[in-house]
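A look at the structure
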Amino acid sequence: MYKFLTLTNLRRVVQLFAFVFMVYGALLFNTFYSNDKLTTNLPALSCAYDKQSGDYCALIPLQHQFHHRVGGIFDGDIISSLMPTFLTLGGFIILIIILNKAFCGWMCPLGFFQEMITIIGKKLKIKQIKSLDRETLKKVRPIKWFIFAFLVLIFPFLAGLGFVGHELGNPYCNICPSRILTTLATGDISQLYVDKSNMTLMILSLIADFLFGLMIAMALFVRQPFCRICPMLPLQSVFKKVGLLRLVKNGSDKCSSCSNCAKECPMDIFEITNIESNKNITYTDCTLCGRCVEFCPHDDILKLKYGTFDIVSSSKEAFKKRNKIEKGIYK
Amino acid sequence: MKKIILISLLSLFTFGNEHFYLLPHDCEVGKKVAQNNNTHSHGSSEETAMYQVVGLDGSWKTTSFYLLPTLERQELKMSANLVTLSKSTYGNYHALVVNGQKENQFFTAITYIDNHGKPSKISPIKLTSFKKGLLEIEPNPLPREHDRYTALKTYDFILKFQGLVLANQEIKLLIDEVEEVIARSDENGQFSITLPNNFQNVSDKRRENRAKNFILLSSFSKDNKEYFTSFYGEYHVNPTSYWQSIPLGFIIALLGFLVGVFIYFKMVRHV
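Residues numbered from 1 in each chain as written. Chains lettered and ligands numbered in written order. Predicted model: local features only at pLDDT ≥ 70, side-chain atom pairs only at ≥ 80, totals over all residues. Heavy atoms only, no water.

1. Here we look at the overall build of chain A
The cut-off we apply is this: Secondary structure follows DSSP: runs of H or I at least 4 residues long count as helices, runs of E at least 2 residues long count as strands, and numbering of each begins at the N terminus. To get the radius of gyration, use the C-alpha atoms; to get the globule rule, take the number of residues to the power 0.38 and multiply by 2.2 Å. Contact criterion: two residues are considered in contact whenever any of their non-hydrogen atoms come within 4.5 Å of each other. Computed with a 1.4 Å probe, the accessible areas rest on the Shrake-Rupley method; for each residue, only the protein chains presented here act as cover. Counting rule for charge: Lys and Arg are taken as positive, Asp and Glu as negative, and neither His nor the chain ends is counted. Working definition for charges: the position is that of NZ of Lys, CZ of Arg, CG of Asp or CD of Glu.
When its secondary structure is counted, chain A shows 13 helices and 5 strands. Compactness check: chain A gives a C-alpha radius of gyration of 20 Å against a globular reference of 20 Å for 331 residues, within 12% of the reference. When its C-alpha atoms are laid out on the principal axes, chain A stretches across 60 × 45 × 45 Å. Counting only contacts in chain A whose residues sit at least 6 apart along the sequence, the fraction spanning at least 24 positions is 69%. Carbon and sulfur atoms provide 66% of the accessible area of chain A, an area that totals close to 14400 Å². The centroid of the 38 positive side-chain charges in chain A is displaced by 9 Å from the centroid of its 24 negative side-chain charges.

2. Here we look at the side chain of A:Gln114
All names here are of chain A. Worth spelling out the cut-off: Three labels apply to residues, based on accessible area from a 1.4 Å probe with only protein chains included: buried if under 20% of the type maximum, exposed if over 50%, partly exposed otherwise in between.
Within the secondary structure, glutamine 114 is located in helix 5 (residues 109–123). The class for glutamine 114 is buried, based on a relative accessible area of 1%. In contact with glutamine 114, other than residues within four places in its own chain, are Met215, Ala219, Gln224, Pro225, Phe226 and Cys227.

3. Some details on the nonpolar core
Quick reminder of the rule: As used in this record, nonpolar core signifies buried Ala, Val, Leu, Ile, Met, Phe, Trp, Tyr and Cys residues forming a set joined through side-chain atoms within 4.5 Å.
By size, the foremost hydrophobic cluster in this structure holds 65 residues, and its most contacted members are A:Leu45, A:Leu59, A:Tyr172, A:Phe226, A:Met232 and A:Leu235. The greatest single-element share of this core, amounting to 8 residues, is contributed by helix 9 (residues 199–219) of chain A. Here A:Leu59 is in contact with A:Leu45, A:Val152, A:Tyr172, A:Pro231, A:Met232 and A:Leu235, once residues within four sequence places are set aside. Among the nonpolar cores identified, the runner-up in size contains 38 residues, and B:Phe65, B:Tyr155, B:Leu159 and B:Trp243 belong to it.

4. Structural notes on the pairing of strand 14 (residues 190–194) of chain B
All names here are of chain B. This is how the line gets drawn: When DSSP finds two or more bridges between two strands, those strands count as paired.
Covered by surrounding structure in strand 14 are Phe191 and Ile193 only, the residues Gln190, Ser192 and Thr194 on the alternate face being uncovered. Summarising the sheet, strand 10 (residues 154–161) and strand 14 pair through 5 bridges and their orientation is antiparallel. Paired with isoleucine 158 across the two strands is glutamine 190, which belongs to strand 14.

5. Looking at the pattern of salt bridges
Residues and elements named next belong to chain A. Spelled out, the test is: Think of a salt bridge as a Lys or Arg side-chain nitrogen and an Asp or Glu carboxyl oxygen that are within 4 Å of each other.
Within this structure, the stated rule accounts for 22 salt bridges over all chains. When the shortest N-O distance is used, the salt bridge between glutamate 115 and arginine 12 registers 3.2 Å. Of this pair, glutamate 115 sits in helix 5 while arginine 12 sits in helix 1 (residues 7–29), and the two are 103 residues apart along the sequence. Salt-bridge contacts for aspartate 188 lead to lysine 51; the nearest nitrogen and oxygen are separated by 3.8 Å. Placement of aspartate 188 in the loop between helix 8 (177–185) and strand 1 (194–195) and of lysine 51 in the loop between helix 1 and helix 2 (59–68) is noted, with a sequence separation of 137 residues between them. Taking relative accessible area as the criterion, lysine 51 reaches 22% and is therefore assigned partly exposed. When salt bridges with common partners are traced through the structure, they connect Arg141, Lys144, Glu271 and Asp285 into a single cluster.

6. Topic: the sheet that holds strand 5 (residues 309–313) of chain A
All names here are of chain A. Across the sheet, 4 strands lie side by side as 3-2-4-5; this open sheet has antiparallel pairing. For this open sheet the edge positions go to strand 3 (279–280) and strand 5, each flanked by a neighbour on one side alone. Where strand 2 (residues 245–249) lies against strand 4 (residues 302–306), 5 bridges are found, and the strand directions are antiparallel. Bridge pairing in strand 4 places leucine 247 opposite leucine 304.

7. Considering the interface of chain A and chain B
The condition that has to hold: Using a 1.4 Å probe, buried area is obtained as the accessible area two parts lose upon being combined, added over both of them. Pairs of N or O atoms within 3.5 Å make up the polar contacts considered here, provided that, within protein, one atom can donate a hydrogen while the other can accept it, and that residues adjacent in sequence are counted only when both atoms are side-chain atoms.
The partner chain B presents 41 residues to the 40 residues of chain A that form the contact. For the pair chain A and chain B, the summed buried surface comes to about 3400 Å²; carbon and sulfur atoms form 68% of the total. When the buried area of chain A at its contact with chain B is split by residue, A:Tyr33, A:Asn35 and A:Leu192 rank highest and sum to 19% of it. Counting every contact that joins chain A to chain B gives 0 salt bridges. Here chain A is connected to chain B by 13 residue pairs in polar contact (both at pLDDT 80 or more). When contributions to the side of chain A that touches chain B are tallied by element, the ones reaching two or more residues are helix 2, strand 1 and helix 9 of chain A. Of the residues forming the side of chain A that touches chain B, the biggest block, 9 residues, is contributed by helix 9 of chain A.

Following this line, the structure appears as structure tokens:
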């Protein structure tokens, strides 16, 4: 039993509960309308198109506000045009202060789904691509910024001003695989569609369906494939400095000969191997899953800290135990 | 002569089937008031602040009110069978309620109007379950954000009498002046309806398709008193019946999966 008490297993239990709450929460907690939701500003991809969702992500109100409200600043109505966005970001910042980017690693339904697919891939003995090479990463990493800037902010804003069609009012939701996943999880197949009403919506729906299938196939052999291009990461990283939960590194010379942390990182953050002195290294791609801390073989080099408190620290003993559990030889 | 016989026959069939229901009144005055009220309702094809109570004549004593999302009640004046909405600055669902009485007969006609505005911070569940009349059809629940009444979808309701659930009563659905018994309330007062797909000349341009009206009706007799109720709503074309293809969606997702498999074989060759 003791062997199951690892950070990863604890995280999976939390993920499972979060998945049930975010996908089926309206059934369990009577949270049917937006007024009943806990926040409506979640830093995790929980979808409002899922009619049973317990709460939904900040990207939805942000797109709506940029589409319908923010353009009002050109009419001189600055306060009422920007107030809803400030309120959404205010709620978002409060959540980031509490759990920071752990919303991705511990709460996101789509992140959990991809992890489960990866486990299935391993069980099916599909050869795993442990890490993506740096060249690939350099190409992939900017995509999330592009998606965030254009699909969450710029296109909705331009649609609101009338420069582009209203079908670009919430383009990120139109391609989001979480919309398809969470609705399918409730038995609703209506979101897996190709829209033939106009060219823009057709392209967006084709991207969404294609991305959903691609994500499932890739999750069988690559860890967290969609997370690498998820626009939630850039939005979180804007505010990550205020988060109480963070990853801190106090590196030493030992780090130069060891790259366990980077190898175990599901997001392939190779910069984590850099020698830092007691520095907050919660990178843009970090989901605060804690695997780097679990698999660091040295005492107190990597830590998950909450404010000034150490929650988990790397240690030789913990690493030995963790390694045995991973290999299935722990007794 | 034929006409007289026909009217007599019709009146025989409709005797005791009193229907009172709300419908938007598509007049310029109503639209102007809606403009002044700054009403921007969700999903409604025509924005009007004026509603008519169909079936009402001058012999009925009526009261009408507008229940805001905050559950604050604004009394409304009726002129003949017309009622005009007052201004509300709140977003989310509002209830327009008309209650009427004539001797031993009572009716309650209700519709829910979803406006943009400031948050009320009160759940619409409290608005729907708030007692608004003697006999009432309560949506369980109203469509939430990113949803609206749509053809071929099933919706749940509860029939309540004096705030308590009312079992085993007939529910009629009235669309395009055609009325049919569609459900019966169960022991918890609950019933479900599936809205029909009866739109004609549907355009692939979604905004060109007008919504259709549907009215749910029920009645109940007790102690020589008759109670009638109606719920008015608008329903829309189901896109998956026309311009959204789910089978094609599955095919594209499958294609994405196959491309993922192709990438896998390409990547493992280099590992």
